[in-house]
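Here is how the chains run, residue by residue.
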Amino acid sequence: MDFEKLTALILDIRKMGVLIGVVVGGGNIVRGIQAASRGMNRVNADMMGMMSTAINGLALLDSLERKGCPAVVLSAFECPRFMELYTSHKAKQALEEGKVVIFVGGTGNPFFSTDTAAALRAAEMGAEVLLKGTTKVDGIYDKDPRQFSNVVKYEKVTYAEVLEKGLQVMDLTAITLCQEHRIPIYVFDLFAEGALKKAVMKQSVGTFVGGER
């Protein structure tokens, strides 16, 4: 994970007065579902994955602080020597203070992805939008564009269409949670030039997921 580049993107949109919460994954270290597919107990594998997100969260914290940006890491599991335990009150207070809030530990439970954690935190924070920045694809397609050439990219798609068609960019639990709380989603290439700023400004970028077309 390129924390320096991610920090630059965060600082760029922070200048716009945006309140920023970042849900960090850990797939560059351990991806629970992959470890489980190789024979590891799924609960143990997911716990390792949650710990990996904490490592990445601390790395992002360090990168932000070195640039003079106030930030805090809040964990879904107890790790008192290194970071605070997450509560919605702490997170909202930190956001109001202008800090970048880094959410780690997923939901704190096995069998749930960081996509679901992102949707959950967005709902708890009352977020205006959930930004799903990827480094693999630049939106939602009808098939995996890395495996097929005859693909169709969706510019806009409803929650219902994602669920009905099983479009696999965010897991279905996360999509359902966003649908219930009416949180729009942008799925886009995080490091594409200007993409994050466009998503924050609700301009056309990647794929928009919402209630109606």
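Provided above is the structure to which this section pertains.
Owing to the predicted nature of the structure, the values given are computational and were not obtained by experimental measurement.

A. Main features of the overall build of the protein chain. Tallying secondary structure elements over the protein chain gives eight helices and 10 strands in all. Relative to the 2.2 N^0.38 estimate, which gives 17 Å for 213 residues, the radius of gyration of the protein chain is 17 Å and therefore close to what a compact globule would have. With respect to the three principal axes, the spread of C-alpha positions in the protein chain is 50 × 45 × 30 Å. Across the 213 residues that make up the protein chain, the buried fraction comes to 41%. Look at the contacts in the protein chain between residues 6 or more apart in sequence, and 65% of them connect residues 24 or more apart. Carbon and sulfur atoms provide 51% of the accessible area of the protein chain, an area that totals close to 11,500 Å². Distance between charge centroids for the protein chain: 2 Å, based on 25 positive and 24 negative side chains.

B. Region of the structure containing the sheet that holds strand S3 (residues 84–85). In spatial order, the strands read S1-S4-S2-S3; together these four strands make up an open sheet with parallel pairing. The open sheet has two free edges, formed respectively by strand S1 (21–23) and S3, since each of these has just one partner strand. Here five bridges tie strand S2 (residues 71–75) to strand S4 (residues 100–104), and the two strands are oriented parallel to one another. Directly across from Leu-74, in S4, lies its bridge partner Phe-103. Its contacts with the sheet put helix H4 (residues 88–96) on S1, S2, S3 and S4, and the angle it makes with S4 is roughly 150 degrees. Sitting on the sheet, helix H5 (residues 114–125) touches S1 and S4, and the angle it makes with S1 is about 160 degrees.

C. Representation of the nonpolar core. One finds Ile-10, Leu-60, Leu-64, Val-100, Ile-102 and Phe-188 to be the most contacted residues of the largest nonpolar core, which totals 26 residues. Residues in contact with Leu-64, not counting those within four places in the same chain, are Thr-7, Ile-10, Cys-69, Ala-71, Val-100 and Ile-102.

D. The arrangement of unusual backbone geometry in detail. Although it is not a glycine, Phe-111 sits at a positive phi angle of roughly 75 degrees. Among the secondary structure elements, Phe-111 is positioned in the loop between S4 and H5. The phi torsion at Lys-202 lies on the positive side, around 60 degrees, for a residue other than glycine. Position of Lys-202 relative to the elements: it lies in the loop between helix H8 (195–200) and strand S10 (207–210).

E. Molecular detail of the packing of helix H1 (residues 3–14) against helix H3 (residues 42–66). Where H1 contacts H3, the two axes come as close as 9 Å, and the packing angle between them is 60 degrees. By the criterion of interaxial angle, the relationship of H1 to H3 is oblique. Relative to H3, H1 is oriented so that their crossing is right-handed. Listed contacts from H3 to Phe-3, Glu-4, Leu-6, Thr-7 and Ile-10 of H1 are Asn-56, Ala-59, Leu-60, Ser-63, Leu-64 and Arg-66. The residue makeup of the contact of H1 with H3, split by class, is six nonpolar, three polar and two charged.

Each value, and the rule that gives it
- Residues numbered from 1 in each chain as written.
- Predicted model: local features only at pLDDT ≥ 70, side-chain atom pairs only at ≥ 80, totals over all residues.
- Heavy atoms only, no water.
- Helix = DSSP H or I, 4+ residues; strand = E, 2+ residues; numbered from the N terminus.
- Rg over C-alpha atoms; globule rule 2.2 N^0.38 Å.
- Buried < 20%, exposed > 50% of the residue type's maximum accessible area, 1.4 Å probe, protein only.
- Contact = heavy atoms within 4.5 Å.
- Areas by Shrake-Rupley, 256 points an atom, 1.4 Å probe, with all protein chains shown as cover.
- Lys, Arg positive; Asp, Glu negative; His and termini not counted.
- Charge placed at Lys NZ, Arg CZ, Asp CG, Glu CD.
- Pairing = 2+ DSSP bridges.
- Axes fitted to C-alpha atoms, helices over the stretch in contact; angles between N-to-C directions.
- Core = buried A, V, L, I, M, F, W, Y, C linked by side-chain atoms within 4.5 Å.
- Parallel < 35°, antiparallel > 145°, perpendicular 65-115°, else oblique.
- Left-handed = near helix turned anticlockwise from the far one by under 90°.
- Nonpolar A, V, L, I, M, F, W, Y, C, P; charged D, E, K, R; others polar.

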